[in-house]
Amino acid sequence: MTTHDSRAAGDPGRPGHASGAAGSDPAAPVAAAIGVSKSFGATRALIDVGLSVAPGEAHALVGRNGAGKSTLVSLLTGLARPDHGRILFGGEPAPQPSDRAGWQARAACVYQKSTIIPTLSVAENLFLNRQSEGARRISWKALRARASALLAEYDIDVDPAAAAATLAVDQRQVLEIARALSFGARFIILDEPTAQLDGANIASLFDRLRRLQQSGVAFLFISHHLSEVYEVCQTVTVYRDARHILTAPVSGLDKDELIEAMTGEDRSARAQFAVDRYQPPTAPGAPALHVSGLTVPGAFADFGVTVGVGEIVGLAGAGGSGAVTVGETVAGLHRPAAGTVEVSGRRVPTGSVPHALRAGLGFVPEDRHAQGVIPLRPIAENITLTATDRLGRHGFFTTESLRRAGSALMERLDVKAEGPDQPVSALSGGNQQKVVMGRALASEPKALVLIRPTAGVDVKSKESLLGTVRQAAEAGCGALLVSDELDDLRIAHRVLVMFKGAVVAEFPGGWGDAELIAAVEGLGEPPAQQEKRTDDE
Amino acid sequence: GRSGSKSGSGGKIGIDFPRSDSDFWNSYAKYVNQDVKDQKLDALTPTNSNNKTDVLVSNVATLTGQGAKAVVMAPQDTGAIASTLEDLAGKKIPVISVDTRPDKGQVYMVVRADNRAYGEKACKFLGDKLNNTGTVVEFEGDLTSVNGRDRSEAFGDCMAKSYPGIKVLAEATEWKGDVAAAKLQDALTQGTVNGIYMQAGGVFLAPTVSLLQQKNLLVPPTDPKHIFIVSNDGIPAEFAAIKAGQIDATVSQPADLYAKYGLYYAQQALAGKTFTPGPTDHGSTIIQLPNGLEDQLPAPLVTADNVGDPALWGNQVGK
Amino acid sequence: MSEVTTMSDAAELLPANHPESPARRRPGTRWLREFSLLPAMALLILIGFIESPDFLTGDNFLAMLQQSTELSVLVLAEALILIGGRMDLSLESTVTLAPVIALWLVLPTSGNRFNGLGFGAAWMAIPICLLVGAAVGAVNGFLILKMNLNGFVVTLGMLTMLHGLVIVIDGGQTVFTLPPSFAYLGHHDWLGLPASVWVCGLLFAIGIAALGWFRHGRALYAIGGNPAAARAAGIRVERTIWIVLIIGSMLAAFAGLLYAGRLGSASASQGTGKIFEVFAATVIGGVSMNGGRGSLFGALTGVLTLRLIENVLTFGHVSAQDIEFFNGVVILVALIVSRYTSGAAQD
Amino acid sequence: MSEVTTMSDAAELLPANHPESPARRRPGTRWLREFSLLPAMALLILIGFIESPDFLTGDNFLAMLQQSTELSVLVLAEALILIGGRMDLSLESTVTLAPVIALWLVLPTSGNRFNGLGFGAAWMAIPICLLVGAAVGAVNGFLILKMNLNGFVVTLGMLTMLHGLVIVIDGGQTVFTLPPSFAYLGHHDWLGLPASVWVCGLLFAIGIAALGWFRHGRALYAIGGNPAAARAAGIRVERTIWIVLIIGSMLAAFAGLLYAGRLGSASASQGTGKIFEVFAATVIGGVSMNGGRGSLFGALTGVLTLRLIENVLTFGHVSAQDIEFFNGVVILVALIVSRYTSGAAQD
Ligand SMILES: Nc1ncnc2c1ncn2[C@@H]1O[C@H](COP(=O)(O)OP(=O)(O)OP(=O)(O)O)[C@@H](O)[C@H]1O
Ligand SMILES: Nc1ncnc2c1ncn2[C@@H]1O[C@H](COP(=O)(O)OP(=O)(O)OP(=O)(O)O)[C@@H](O)[C@H]1O
Ligand SMILES: [Mg+2]
Ligand SMILES: [Mg+2]
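What counts and what doesn't
- Residues numbered from 1 in each chain as written.
- Chains lettered and ligands numbered in written order.
- Predicted model: local features only at pLDDT ≥ 70, side-chain atom pairs only at ≥ 80, totals over all residues.
- Heavy atoms only, no water.
- Helix = DSSP H or I, 4+ residues; strand = E, 2+ residues; numbered from the N terminus.
- Rg over C-alpha atoms; globule rule 2.2 N^0.38 Å.
- Buried < 20%, exposed > 50% of the residue type's maximum accessible area, 1.4 Å probe, protein only.
- Contact = heavy atoms within 4.5 Å.
- Lys, Arg positive; Asp, Glu negative; His and termini not counted.
- Charge placed at Lys NZ, Arg CZ, Asp CG, Glu CD.
- pLDDT = per-residue confidence, 0-100.
- Least-squares fit on C-alpha atoms with pLDDT ≥ 70 in both.
- Axes fitted to C-alpha atoms, helices over the stretch in contact; angles between N-to-C directions.
- Parallel < 35°, antiparallel > 145°, perpendicular 65-115°, else oblique.
- Left-handed = near helix turned anticlockwise from the far one by under 90°.
- Nonpolar A, V, L, I, M, F, W, Y, C, P; charged D, E, K, R; others polar.
- Pairing = 2+ DSSP bridges.
- Donors = N, O, S within 2.8 Å, 3.2 Å for Na, K, Ca; no water.
- Near = heavy atom within 4 Å.
- Polar contact = N/O pair within 3.5 Å; in protein donor to acceptor, adjacent residues only side chain to side chain.
- Areas by Shrake-Rupley, 256 points an atom, 1.4 Å probe, with all protein chains shown as cover.
- Phe/Tyr/Trp six-rings, centres within 6.5 Å; stacked < 30°, edge-to-face > 60°.
- Patch = residues over 30% accessible without salt bridge, like charges linked within 9 Å, V, L, I, M, F, W, Y side chains within 5 Å.
- Salt bridge = Lys/Arg side-chain N within 4 Å of Asp/Glu carboxyl O.
- Buried area = accessible area lost by both parts, 1.4 Å probe.

With respect to the overall build of chain A
Within chain A, the regular secondary structure consists of 18 helices and 20 strands. For chain A, whose C-alpha radius of gyration is 23 Å, the value lies close to the compact-globule estimate of 24 Å for 537 residues. In chain A, which comprises 537 residues, the share counted as buried stands at 62%. Long-range pairs, those at least 24 residues apart, make up 68% of the contacts in chain A with a sequence separation of at least 6. Here chain A contributes 53 positive and 60 negative side-chain charges, whose respective centroids are spaced 6 Å apart.

And the structure:
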């Protein structure tokens, strides 16, 4: 959500031949779903939907969290079978479910859920199940060579022999993309490939997509960043609540119409985040969060910030900048070598989440799957996890009070689910993220540390999530918002920018995208011809 | 005497087998079922406690629940059964304990060959053959089983007392053949072994013999390299081995008599007969225990000389 | 234009299908997972009833209950540990070690076949027994959590070591001189039910309440389900696990005490092989080996099922030779039945 | 234009600091994980050497190797299954079931104490034995993969059932009469090494090669590490697991054959309790119970370590009463040593 925005204006980035190809194209679509339905137990994930991707077309699939996008992906890649309807590739019926090779030959995919195997090396992950031809012996040397070549091509500077477990979230994401693209398939599916990426990575990804497209490869591109849709796609299909709403050429559809189609609501109903300056509370008092001299060797040094009551401070940083580790350290996940953390005047012992929590600090961790949710437990349990002591006296509480508190929070964050008893694992990515946010707010914190709180969240939910942050702030809660997504940062009263473990710049409200991005990427002044362009997602 | 060929006057006999995965106890079970059939005894279907005390306890509960008025059991853990025996005594149900002597709790009669006697017999045989020199490997059973312990103690004491010249390597084996084989092999690598006392032929015989075969140590007694082997149980395989000169002796633990007199005393108990210490009509002696009586059946030492004796139970089975 | 209508149509149709049914059905399936063994149990009882008139009697069921107490206490312990995402094999040895050490310390230095150290009064036997249990749990916790050793092998090593320790102490012989306090639970009835049954029931009641309505209990599910997430949510993962390991071992010690009381003796052989039964009961009862799922009630039904199977087989007069085979068969059948009544794949 | 530079610059700037530390260290730790037991083994050998001159002799080590063959074959089987993310407890029973059934079918209908069905020629004993193994594995696979039953309990049930089946067949007696083909491996040497040792070594060589250098072998790691991802990568997860379960059981059957050969007999009690040793060896050897990690070589060192411990204790003339205790202690010590030489927390 950074550089490419500014680039988009100057570069239409759409090869003529494929534009508007949807439907009208004589050649059989590389991939098509016809009248497909899919249910999980009581949940109807897809109801009689269709989709058709023409050769060489970049086709966007958008919709709110839980609309059924990923489910369609799992049908198109043969991981699940539709209850009704047919899947076609180039007009031919799809291969048998058991014929994995057949599916792979027809569609390569970057799944929303990580398919990196942490216990295996990077090289092996890249060439999983194709380490060697047929039953031939694997040459690890050759494999590593192939891997480093691929890695170099994607500017991923990691040792191919390293275990994938040692990679950072964003590196894993790039790895997935590199793998998917390296199959040489004519049809490639990308399910929210950019959710975990920072600007530079996204930009280079799009570059690559365009090149591939020139060579006639077709894409199904899923993202919650609509500007990305406009940037790389020709056709867009919108799903809402498991149904197909519309398919139209991107050119003929402006962002408002698109969002209307996704939300089913009139555009005017959407809240706008006015840029506003921070007014300190009239009554003097301790700041919500005061951090000073915080240092984690190897990550960042001497970090300090003061977040006033009701203030939202953005902390922007690219991959490896240390920003996230700052957030995690403040929240008590790492024990810093030096530094202090105070929550509304009270000194918090560092390196202990429970203490931070009790001091009144809410926390949204970076990695939803690893640190966010407990997949097999009910939503109600997950979302109230930090506040079980509030559910009843002396730590005792009834299942009823649990469900009630859970439902209330689900309401507040508008989590789309069957009910508070549904296991989180059954939720769509975005809704899981909302549960994590709810968990942070459940303890009615005085200060919040949010790390990429809207990763993989749809336009509307993003607004409601950020809205909740705003509300929390207005209710007198200070927030440290770690993110490199401009939309997130936009609600901040001011933004600190970290680079290589140090704060390099601070922007008051009303900053321009370009300058911020430049700072984030460690460049002094923004290049001349980058004109501002507010991203109105 | 064979008094009760018609079932004794008072009700059913409940029988529990201690385990079903050893030759000895299977023979015992065969004999029991045989006798029950031949004598048309009024017995419930025997239960099997798989060498687990609490299974035995629940089995006894079930048997009495089904109306057993006398119980024949072989508690492998002689202490753990105590409270069960007390309960049965409370219910006036006489208990015949086969092969083991419960440490505590009333028993009507213990039917067993003295396990200490096994140990001593083996000790004397080896001691004399080796005339008080050399190394003997002893495959102990499991220290947590009273029979194993009795045999070990008796053997150990006897060796220490009568044959101080003999070095005893006592090896714990948990009644496991492969463990025994391993231990023996270790012993062999540590120097010459002149004698072996194995506390259960069923388990240790084959591993020992096949290991010695492999090491070409199965040589006739005349050869100085000969290893004198005393086994215990008296199963057919051991007799075969004795005939083949692979081992030298075994103590025949009388499975047939165990079965026969276990049932016999059960009937007598039901018939209300009582016994007193002293010699019996079947060449054994009854001794007084703090918690009951014990009929100490003879356990002959079988060697090449008497291995043919048809009276030995091992020569009966499989016929 | 036409799109617009499409959209609005869709808008009409959609909210309808979501909330209703599921919200109702969810607890249903949960319910099933917890009670999925009941049909199998009913089936067994029916069979037993057909087999013999003596089966469906108060006496028989009382006997079954009483004979299940120790196993249930052990299962309670293992279930707690498994729900927390760990496992403990050494429980089996703790069962025998704790009472034996207690007796060893307490029994007079002379007069019995097994002589103790005459240390402390007889009434101290039970507290000591529980303390030993706590100590074992603490050691396990230390090795697993502080030294980051593999829990399976650690407890496996402890299993061997502790069982060995018992033999070192009592030379493998059975200790059958028990202080009255030991014998009590095994021998007294309260309101017609054996005391041990009451206590065992009480323990389960507490456990079920704690895991159902007490936050620290709930935390256990979170920890078992995803430790990292639990930690990020401010739960003291390590401490909780440690406490659970200690509680587990104390329960094992208590089970040992019940054994000693019921069998009127303590010996090294008492627990051997138990751990398999414990796991079988726990997992059949629907507790996941991967942590975070399952209920104590389910675990309890697991124990009773195993006991029922044994009992039915004995009443069925299955010959001593075939009983183990059928035991295995019936376990598998029970498993299949519960699988299809719960409808969910097992984990 | 300049954006391009912008991006590339950025690209250069950012990831720079990420990989360093872990990336370099990893292969090192990987290496260590695989060999982490060697120091502990060295230590044991040293102790043995001090204990007795007979310890560090070809004979003794040959003996140890020979005595480890069956266990190592079992460990090979379990390691494969664990790496694939499953577990199989029934191996223990397969060890005894397979040879007994083979003998039962092959032995003549009369003449011995244990009479077979005289079905087929003597040479068929081994093939049948392996077939039985395959059958068991297939059944496990069916119950676990097709009926979605819990693997732990299924194999636990099978453990009981199959052991019971042996007793049903042979009445619990020991079968002493073996066809020559059985006895062969246990009794012949090739180039001075027992045939069984050669075969066992060969099996490990094959296994290590398959898992190290062949796609289908590697697939096992992928499956164990993350089945969903493996499936997405086009690996036939279910089929592979099923095959591995079958191979595992066949190996177990083969181990049973080696036992029968070496001990000159087959009996129901032969395998009992083995499965614990098997797991201990495998996991001490660094194979993760959670699947996807560990190596066959490591597992092999696990076996040898256990064997070394026993051997050292025997040579140390530890009294029968104390040996189990020390066994446990030494296992824990070995565990701690390997933990600190590998530097990595165990899982
Ligand atoms: N395995 C499952 N079991 C039960 N319900 C599921 C499962 N997977 C998805 N669902 C449900 O299906 C619906 C569609 O989910 P899906 O993941 O396709 O949404 P999505 O469009 O990908 O959302 P997001 O943009 O957040 O990824 C959601 O209501 C989700 O709860
Ligand atoms: N707890 C820690 N101790 C030491 N070094 C750390 C720690 N956490 C992260 N690092 C290192 O500090 C640097 C910054 O990493 P960090 O994860 O904070 O970047 P980030 O802002 O999270 O980037 P990304 O967007 O990829 O998450 C990296 O080299 C990382 O390996
Ligand atoms: Mg999705
Ligand atoms: Mg990071």
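Details of the confidence of the model for chain B
Residues and elements named next belong to chain B. Chain-level pLDDT for chain B is 85 on average; 95% of the residues reach the 70-or-more range. Per-element confidence in chain B is highest for strand β4 (residues 95-98), whose mean pLDDT is 94, and lowest for helix α2 (residues 53-65), whose mean pLDDT is 83. Note that residues 1-8 has pLDDT below 50 and, in this model, 16 contacts with residues that lie over four places away or in other chains. On the interface metric, ipTM, the complex scores 0.81, and its pTM is 0.83.

Description of the relation of the copies chain C and chain D
Each copy superposes on the other: chain C lies on chain D with an RMSD of 0.2 Å after a rotation of 180 degrees and an axial shift of 0.0 Å. Accordingly, the operation relating the two chain copies is best matched by a two-fold axis. With an isologous cut-off of 70% or more, the 100% of interface residues of chain C that recur at the interface of chain D puts this contact in the isologous class.

What to know about the environment of Phe-219 of chain A
Mapped onto the elements, Phe-219 of chain A comes out in strand β8 (residues 218-222). Note: C-alpha distance between Phe-219 of chain A and Gly-339 of chain A (120 residues apart in sequence) is 48 Å.

Regarding the packing of helix α5 (residues 91-106) of chain C against helix α6 (residues 125-146) of chain C
Residues and elements named next belong to chain C. Between α5 and α6, whose axes approach to 8 Å, the crossing angle comes to 135 degrees. It follows that α5 is oblique to α6 by the angle criterion. The handedness of the crossing between α5 and α6 is right-handed. Contacts from Thr-94, Leu-97, Ala-98, Pro-99, Ile-101, Ala-102, Leu-105 and Val-106 in α5 reach Ala-125, Ile-128, Cys-129, Val-132, Gly-133 and Val-136 in α6. In terms of residue class, the contact of α5 with α6 is made up of twelve nonpolar, two polar and no charged.

Quick notes on the sheet that holds strand β14 (residues 338-343) of chain A
Residues and elements named next belong to chain A. Strand order in the open sheet formed by four strands is β12-β11-β14-β15, and the pairing between neighbours is antiparallel. Each having just a single partner strand, β12 (300-307) and β15 (346-348) make up the two edges of the open sheet. Across the sheet, the mean angle separating the axes of adjacent strands is 25 degrees when strand polarity is ignored. Relative to β15, β14 is paired through three bridges, and the arrangement is antiparallel. Among the inter-strand pairings, Val-341 is bridged to a residue of β15, identified as Val-348.

A closer look at the coordination of the magnesium ion (ligand 3)
Residue and element names in this part refer to chain A. Here the magnesium ion (ligand 3) is held by the protein donor atoms Ser-70 (OG) and Gln-112 (OE1), which lie 1.8 to 1.9 Å from it. Pair noted here: Ser-70 is in helix α2 (residues 69-76) and Gln-112 is in the loop between β6 (108-110) and α4 (122-126), with a separation of 42 residues, a long-range link. Exposure remark for Ser-70: the relative accessible area of 27% places this residue in the partly exposed category.

Quick word on the site of ligand 2
The immediate surroundings of ligand 2 are formed by 18 residues, with Asp-170, Gly-320, Val-324, Thr-325 and Arg-452 of chain A found nearest. In this structure ligand 2 sits where residues from chains A and D come together. Gly-298 of chain A is positioned with one of its backbone polar atoms (N or O) 3.2 Å from an oxygen atom of ligand 2. In the environment of ligand 2, an oxygen atom lies 3.1 Å from a nitrogen or oxygen atom belonging to the backbone of Val-324 of chain A. For ligand 2, whose unbound accessible area comes to 610 Å², protein coverage reaches 78%. Per element, the largest residue contribution to the shell around ligand 2 is three residues, and it comes from helix α10 (residues 323-331) of chain A.

Description of unusual backbone geometry
At Asp-414 of chain A, a residue that is not glycine, the phi angle is positive and equals roughly 45 degrees. Relative to the helices and strands, Asp-414 of chain A is located in the loop between α14 (399-413) and α15 (429-442). Asp-414 of chain A gets classed as partly exposed once you look at its relative accessible area, which sits at 32%. One non-glycine residue, Asp-99 of chain B, lies in the positive phi region at around 75 degrees. Along the polypeptide, Asp-99 of chain B turns up in the loop between β4 and β5 (109-112). The class of Asp-99 of chain B is buried, set by a relative accessible area of 2%.

Things to note about the pairing of strand β20 (residues 502-508) of chain A
Residue and element names in this part refer to chain A. Taken together, the six bridges between strand β19 (residues 494-499) and β20 define a ladder with antiparallel strand orientation. Within β20, the position partnered with Val-495 by the bridge is Phe-507. Taken together, β19 and the strand that follows it, β20, pair antiparallel across an intervening segment of two residues, in which Lys-500 is found at a positive phi of about 50 degrees.

Structural notes on the packing of aromatic side chains
Taken as a whole and assessed by the stated rule, the structure comprises 29 aromatic pairs over all chains. For the pair Phe-325 of chain C and Phe-326 of chain C, a centre-to-centre distance of 5.3 Å together with 70 degrees between the ring planes defines the contact as edge-to-face. Exposure remark for Phe-325 of chain C: the relative accessible area of 19% places this residue in the buried category. Classification of Phe-326 of chain C by relative accessible area gives partly exposed; the value is 33%. Among the aromatic side chains, those forming a connected cluster through ring pairs are Phe-17, Phe-24, Trp-25, Tyr-28, Tyr-31, Tyr-258 and Trp-313 of chain B.

Observations regarding a nonpolar patch on the surface
Residue and element names in this part refer to chain D. Together, Leu-43, Leu-46, Ile-47, Phe-49, Ile-50 and Leu-56 make up a nonpolar patch on the protein surface, roughly 590 Å² of accessible area in all. Looking at where Ile-47 falls in the secondary structure, it is placed in helix α3 (residues 38-51). In this structure Ile-47 comes out as partly exposed when scored by relative accessible area, which is 37%.

Thoughts on the site of ligand 1
All names here are of chain A. Ligand 1 sits among 20 residues. The nearest are Lys-69, Ser-70, Thr-71, Ala-426 and Gly-430. Gln-112 has a polar side-chain atom sitting 2.8 Å from an oxygen atom of ligand 1. Protein burial of ligand 1: of its 630 Å² of free accessible surface, 85% is covered by the chains. Those elements that place two or more of their residues in the shell around ligand 1 are β2 (43-53), α2 and α15. Top contributing element to the shell around ligand 1 by residue count: α2, with three residues. Across the shell around ligand 1, the residue classes tally to five nonpolar, eleven polar and four charged.

Topic: the interface of chain C and chain D
Each partner contributes residues to the interface: chain C has 44 residues there, and chain D has 44 residues. Summing the contributions of chain C and of chain D, the shared interface buries around 3900 Å²; its carbon and sulfur component is 77%. When residues of chain C are sorted by the area they lose upon contact with chain D, Phe-276, Glu-324 and Phe-325 of chain C head the list and together hold 15% of the total. Put simply, chain C and chain D have zero salt bridges between them. Taken together, the connections running from chain C to chain D amount to four residue pairs in polar contact (both at pLDDT 80 or more). Elements with a contribution of two residues or more to the side of chain C that touches chain D: α7 (151-170), α13 (274-284) and α15 (323-342) of chain C. Considering every element that reaches the side of chain C that touches chain D, the biggest residue donor is α7 of chain C, with 14 residues. Residues belonging to the side of chain C that touches chain D are distributed by class as follows: 29 nonpolar, eleven polar and four charged.

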